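Results of the structural survey
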Amino acid sequence: MLKKERQAYILHQVNLHNKVLSSSLSTEISVSEDTIRRDLQELADEGKIIKVHGGALSHSFSQVYYPSNNVYSLDNKKIIAQKAASLIEDGMFVLTTGGTTIIELARALPPQLKATFISGSIPVVLEYMHHPSIEVILIGDKVNKNSKITVGAEAIAQIKRIRADLCFLGINAIDIKNGITDNDWDVVTLKKAMIESAQKVVCLTIAEKINSLQPIHIDDISKIHTLITELPPDDPLLKPYKDAGIEVL
């Protein structure tokens, strides 16, 4: 793979997954980690990514406020958000993760909705605060500066005391064999706790992340009740998930 092709691949992975690990990129592209680090540094110098220890972040992932002009696959995320918002009813307690798709869900909530939203994501909570009628609960603990979420033992303990009607997971990767996976240990531990604390688990993802894999396992497919993408439910890509007993929207 030529340098230009390699860096284009890296940039796409950063935009798709918000965060990439040098070690994973090295394996995927079959080049040394030193080569990957040089590529990341060049992309960072060009202002295309944010280089961090062990990998890189997208610019949208690093922001507290998410302007619409630099969110990857924004139109598809808006479609997903509208579908997700239709599941929420007055009086519900709703757990959510962070991420740009969840941000769009917050923006898609009808103004008359009266429900309680619980999250440890600083950008998501700030977006919920614009809503005129919902109650907002911030899960508290140490803040992970990269992902802008509260993490740690106290955050996990607070989540475990909740019995939510719905949990909306913005996911990084999913496939039938490996279930839901991610590349951030703090995010993984939070999502595990949220899955266990909700009566119904709804995964939100653009179709491009379907049948993809990240290094850290979160949970099996059997723990998912509903999968929402921008695709129509009868799309062939989604058939294995429907066959597995998951509701597909």
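Here, the structure is the one placed above.
Now for a quick tour of the structure. (Residues numbered from 1 in each chain as written. Predicted model: local features only at pLDDT ≥ 70, side-chain atom pairs only at ≥ 80, totals over all residues. Heavy atoms only, no water.)

Here we look at the overall build of the chain
A tally of helices and strands in the chain yields nine helices and 15 strands. For 249 residues, the compact-globule estimate of 2.2 N^0.38 gives 18 Å, and the chain sits close to it at 18 Å. Projected onto the principal axes, the alpha-carbon positions of the chain cover approximately 55 × 40 × 35 Å. The burial tally for the chain puts 53% of its 249 residues in the buried class. (Helix = DSSP H or I, 4+ residues; strand = E, 2+ residues; numbered from the N terminus. Rg over C-alpha atoms; globule rule 2.2 N^0.38 Å. Buried < 20%, exposed > 50% of the residue type's maximum accessible area, 1.4 Å probe, protein only.)

Comments concerning the nonpolar core
Residues L95, L169, I174, I180, L227 and Y241 are the most contacted members of the largest nonpolar core, which totals 36 residues. If you tally residues by element for this core, the top one is helix α8 (residues 185–196), at six residues. Once residues within four sequence positions are removed from consideration, I180 is found in contact with L169, I171, A173, I195, C203, I216, H217, I218, D219 and I224. (Core = buried A, V, L, I, M, F, W, Y, C linked by side-chain atoms within 4.5 Å. Contact = heavy atoms within 4.5 Å.)

Considerations on the sheet that holds strand β12 (residues 198–204)
Ordered by their spatial adjacency, seven strands build an open sheet running β6-β5-β4-β9-β12-β14-β15, and the pairing between neighbours is parallel. The open sheet has two free edges, formed respectively by β6 (135–138) and β15 (247–248), since each of these has just one partner strand. In the sheet, strand β4 (residues 93–96) pairs with strand β5 (residues 116–119) via four bridges, with the strands oriented parallel. Bridging across to β5, L95 finds its partner in I118. (Pairing = 2+ DSSP bridges.)

With respect to the packing of helix α1 (residues 3–17) against helix α2 (residues 22–29)
Relative to each other, α1 and α2 sit at 130 degrees, their axes nearing to 12 Å. With respect to each other, α1 and α2 are oriented oblique. The hand of the α1/α2 crossing is right-handed. Here α1 contributes R6, Y9, I10 and Q13 to the contact with α2, which in turn contributes L25, E28 and I29. Looking at the contact of α1 with α2, its residues break down into four nonpolar, one polar and two charged. (Axes fitted to C-alpha atoms, helices over the stretch in contact; angles between N-to-C directions. Parallel < 35°, antiparallel > 145°, perpendicular 65-115°, else oblique. Left-handed = near helix turned anticlockwise from the far one by under 90°. Nonpolar A, V, L, I, M, F, W, Y, C, P; charged D, E, K, R; others polar.)

Brief notes about the pairing of strand β11 (residues 179–182)
Across three bridges, the pairing between strand β10 (residues 173–175) and β11 is antiparallel. Residue I174 lies in a different strand from β11, and its bridge partner there is I180. As consecutive antiparallel partners, β10 and β11 are separated by three residues. Where β11 lies against strand β13 (residues 216–219), three bridges are found, and the strand directions are antiparallel.

Here's the deal with the pattern of salt bridges
For the structure shown, the criterion picks out 14 salt bridges. Notably, a salt bridge pairs R6 with D39, separated by 2.4 Å at the nearest N-O pair. Taken together, the positions of R6 in helix α1 and D39 in helix α3 (residues 33–45) put the pair 33 residues apart, joining distant regions of the chain. Of the two residues examined, R6 and D39, each falls in the buried class. (Salt bridge = Lys/Arg side-chain N within 4 Å of Asp/Glu carboxyl O.)

Quick notes on the packing of aromatic side chains
According to the stated counting rule, one finds one aromatic pair in the structure shown. Considering the side-chain rings of F117 and Y128, the 4.8 Å spacing of their centres and the 45 degrees angle between planes classify their relative orientation as tilted. Of the two residues, F117 is situated in strand β5 and Y128 in helix α6 (residues 122–128); the sequence distance between them amounts to 11 residues. Judged by relative accessible area, F117 falls into the buried class, the value being 0%. (Phe/Tyr/Trp six-rings, centres within 6.5 Å; stacked < 30°, edge-to-face > 60°.)

Describing the sheet that holds strand β3 (residues 55–57)
Read from one edge of the open sheet, three strands run β1-β3-β2, paired in antiparallel fashion. A single partner strand is all that each edge strand has here, and the edge strands are β1 (19–21) and β2 (50–52). Across the sheet, the mean angle separating the axes of adjacent strands is 20 degrees when strand polarity is ignored. Here β2 runs beside β3; their pairing, made up of three bridges, is antiparallel. Directly across from I50, in β3, lies its bridge partner L57. Most of the contacts of α1 go to β1, to which it runs at about 130 degrees, and overall it touches β1 and β3. Where α2 meets the sheet, its contacts fall on β1 and β3, and the angle it forms with β1 comes to roughly 70 degrees.

As for the packing of α2 against α3
One can describe the packing of α2 onto α3 by two numbers: an axis separation of 9 Å at closest approach and a directional angle of 110 degrees. For the element pair α2 / α3, the angle class is roughly perpendicular. The chirality of how α2 crosses α3 is right-handed. Of the residues in α3, those touching α2 at S22, S23, L25, S26 and I29 are E33, I36, R37 and L40. Taken together, the residues that form the contact of α2 with α3 break down as four nonpolar, three polar and two charged.

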